[in-house]
Each structure stands twice: as structure tokens, then as C-alpha cells.
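So the chains spell out like this:
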Amino acid sequence: MKRSDDEAALVETARRVLPAGTFGNLAADIVIREGKGARVRDVSGNEYIDYLLGSGPMFAGHAHPEVNAAVTAQLARGTTFFANNEHGIRLAEAIVDAVPCAEQVRFVSTGSEADLYAMRAARAFRKRDKILKFEGGYHGMSDYGLMSLAPKWPGNFPTATPDSAGIPKSIRDEMIIAPFNDAEATASLIAQHKDELAGVIVEPFQRLLPPKPGFLQALRKMTAEAGIPLIFDEVVTGFRFAYGGAQAYYGVTPDLCTLGKIVGGGFPLAAIAGRSEIMAHFDRAKVGDDGFLMQIGTLSGNPVAAVAGLATLEILKRPGTYEAVFATGRQLMSALSEMLRAAHLPAQVKGEPPLFDVVFADGPVEDYRATLRADADLARRFNQSLRASGILKGESKFYLSIAHGEPEVGETLKAFEIAVAALRG
Ligand SMILES: Cc1ncc(COP(=O)(O)O)c(C=O)c1O
């Protein structure tokens, strides 16, 4: 891809004023100027088919006219009030209508915050401290979420490994780490620690790894029997795998869930949703001073984000929306699998049709440790080749939108062919 002087100068400025030259998300070498539908353009004018999708929120495509119209109308009426606003209330109602576990909703601005509050709500409800999470599970950037997210040298279960500097040592003792997709090991950890456990948090689809048949059902059963709240982190899967999220898609209802990305329609909005009995801890009048969980946020339920979220949900509710995304995803996944197989590469396509990627490893990949066996160099070269062919994606995810149609599929398949041939060569 050609780089203009303008983009090179911006990259240079970024390197001067931002640590590592970035916002912390993607590498510093590209500066995006605009997006429309399934495509984005960088400052140099290069166009890409966008499978990064803003890391997931833009499921309806960039600059969707209906979302833009709702946002523009709201801008003229004011952008934040702190007090309740109609659109935030309507969005909470839409979540309650859509998501099986959601009886009540609290808004925050990011998925990290939502996860932090969900874990806190479980602690307030259970009056216990420890949270069980799964190795490799992503629950935002809090001290708790960063335990055993991506350890290079995983320790023994259930000991937590912090994945960032600056986390107090004491937090390790508050987390219990279990292997994803291993119901037996999880059951034994829950049995061993049930008197100190406040909650279990899980990505029902962990990064790229679907749950093994029966895993979420087993998790639901063992937590219910022990009276421990089960939290589904649906920041990624909410409104993506189905209108009711992964809990509707996989047919397992947790006690609490967190939502983000799609629900804010491309604006900073996330939510904690769940059973009224647990959500009551956000209400001092219901639980008294001792049980009350304080939660205040300047932009919580922001009306601009709420109208963007509502407009997005209106679009997604239309008949055939999910079927179309799934059909596109299936087409890409199966074509890519076939190309990799024919090239005899040690690789497999993992995920679900709206969200998948290649894992360059042989053998079953069902938990975090198995992903460590993957060939990172092949993945890097595969992504580099795709980028050169005009495909933008994150390090380990293809996010699809409803705007990805036949032309995008055709161009992507050509880019796959080139990338796979380059790896084979
Ligand atoms: C499963 C999951 N939970 C939580 C988060 C954190 O969300 P945010 O980046 O909005 O803080 C993410 C972000 O990608 C996520 O994928």
C-alpha cells in the first residue's frame, strides 16, 4: 500500500505524542480517515474491506444512514444530561426485551467497566470475594480482568497470572483460574472453593473458541447448584450471534451478562444486565447501605450513544439479518478452510460465522493453552499478505457486518488465495 506524505507525517506525530505511537489498540502504521458500509479508507486514500469493524461495534456497517440520522437529530437536542433521558430508558427496555437473562439494566461507557461492575455485583450479592474466570478469557482492563488473560507461561490452575504491570499482588488471591471447555476441572474448582466464590465469569465464546457441546450447560448447572451467580461476558457476542446474544444462540441463560460494542452503535456505551434480585444491589432503597453497590458515571446512558444503539437494534431486528450474516460468514469460513487444507498448511478456521479466524495449529484447539501452540509467524505473514491485498483485520479476528456482501466476499476470496499461496511458497 502506498503511503502519502500526510499519513507519514501523522504517523510521525503519533510516535512523538502517543506512547508506542498508538491508542494502545492497533499498530501505528495506519491512520484511518473514513468508513462507509463494509469499507474503510486510510489517510493515504487506500481502501480496505474492513473486518476490524472498530473491534466489533460496527455490525450494521460504518456510517449507516439510519444510525447517522438518529445521531444527527439527537446532536441538535443536546449531547449529555447526566439525568435520565428517554432514549437510554428505551434502550434498557430493548435490552430487557431481547436478552434472556436481562430483567434490569445499568449503563456504563465501556465493556471493561461493565465487567468490573458485574463482578462487583456478584460479590455484593454473594457477600464473598473470589471470582472464577477462565484462562485466556477477556473481561476488559481492570485488575481482575487482566488476570490470566494471555499468560506466555501459564502457571498451575487455579493460580492467577497478572498480564500487566501495575496490578497489586493481592489481586491474584481474589481470582481462581480454570481451563475453558473443561467442565470436570471447573466443577472440581467450584466444589473446592464454593464457600469463598462470589461468581463465575465466562466469555460464552472465548475469543475464537466456541464452547464444547454441553460445556455452558454444565457450567450453568454447577453454578446454580452452588448458588453462585454465572456471568456471561457478551461484550463481543451480544446482538452478534443472535439478537438475544450468545445466551440465545447457545441456549444457556446466565444470571448476569455484560454488553458493549454493538449495543452502543459505535459510541461509548456498555451495560450490565441480569436478574432483578442481583441488580437490586444497585438500588440502595432495596438492599440498604450494607448491600448497596455505588455506581455513577458521567456519560452512563448517554443519549447520543443510546439513539445510535437503538437505531442499530432496529436494523438488526429486521427479518433475515442474522441469516444473511451467517451465510456470508459460512461462505468465507468454508472457502478458507478448503484453501488451507489443499495447501497442506497446519491450520484450521475457528469461530462462528459472524466472528472467526485461522489458527495455525494442528490438532484440537479448545482452550487457551492449545492456542499457544499456534504458529504466530504464519499468522503474522497471513495478515500481512491480506493487508497488502486491501483487507483490514485485527491480529486474530475477522468481524463480519451486515454490509459485507457479494463484492466483498469475491475480493476477500481472491486475497485469501494470494495469502495462502504466499504461505505455501
Ligand atoms: C469479551 C470482552 N469483554 C470486555 C471487553 C472490554 O470492552 P471495552 O474495550 O469496551 O472496555 C472486550 C473488548 O474487546 C471484550 O472483547
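In this report, we go over the structure that sits alongside the text. (Residues numbered from 1 in each chain as written. Predicted model: local features only at pLDDT ≥ 70, side-chain atom pairs only at ≥ 80, totals over all residues. Heavy atoms only, no water.)

When you go through the protein chain residue by residue, the secondary structure sums to 14 helices and 14 strands. Taken over C-alpha atoms, the radius of gyration comes to 22 Å for the protein chain, in line with the 22 Å a tight globule of 425 residues would show. Expressed along its principal axes, the backbone C-alpha trace of the protein chain runs to roughly 60 × 55 × 50 Å. Considering only contacts in the protein chain between residues 6 or more positions apart, those separated by 24 or more positions represent 69%. Of the roughly 18700 Å² of accessible surface on the protein chain, 53% is carried by carbon and sulfur atoms. Positive and negative side-chain charges in the protein chain, numbering 45 and 50 respectively, have mean positions lying 1 Å apart. (Helix = DSSP H or I, 4+ residues; strand = E, 2+ residues; numbered from the N terminus. Rg over C-alpha atoms; globule rule 2.2 N^0.38 Å. Contact = heavy atoms within 4.5 Å. Areas by Shrake-Rupley, 256 points an atom, 1.4 Å probe, with all protein chains shown as cover. Lys, Arg positive; Asp, Glu negative; His and termini not counted. Charge placed at Lys NZ, Arg CZ, Asp CG, Glu CD.)

Let us look at the site of the ligand. Neighbouring residues of the ligand: Thr110, Gly111, Ser112, Asp115, Tyr138, Gly140, Glu203, Arg207, Asp233, Val235, Val236 and Lys261. Backbone polar atom of serine 112 to an oxygen atom of the ligand: 2.8 Å apart, as the coordinates give it. Between a nitrogen atom of the ligand and a side-chain N or O atom of aspartate 233, the distance comes to 2.8 Å. Coverage of the ligand by the protein chains reaches 81% of its 390 Å² of free accessible surface. The element best represented in the shell around the ligand is helix H4 (residues 111–126), accounting for three residues. (Near = heavy atom within 4 Å. Polar contact = N/O pair within 3.5 Å; in protein donor to acceptor, adjacent residues only side chain to side chain.)

It is worth spelling out the packing of helix H13 (residues 376–388) against helix H14 (residues 406–424) at this point. At a closest axis distance of 9 Å, the pairing of H13 and H14 adopts a crossing angle of 140°. As far as their axial angle goes, H14 and H13 are oblique. Both H13 and H14 take part in a crossing whose hand is right-handed. Only Ala415, Phe416, Ile418, Ala419, Val420, Ala422 and Leu423 of H14 make contact with H13, whose side of the interface consists of Leu378, Arg381, Phe382, Ser385 and Leu386. The class makeup of the residues in the contact of H13 with H14 is 10 nonpolar, one polar and one charged. (Axes fitted to C-alpha atoms, helices over the stretch in contact; angles between N-to-C directions. Parallel < 35°, antiparallel > 145°, perpendicular 65-115°, else oblique. Left-handed = near helix turned anticlockwise from the far one by under 90°. Nonpolar A, V, L, I, M, F, W, Y, C, P; charged D, E, K, R; others polar.)

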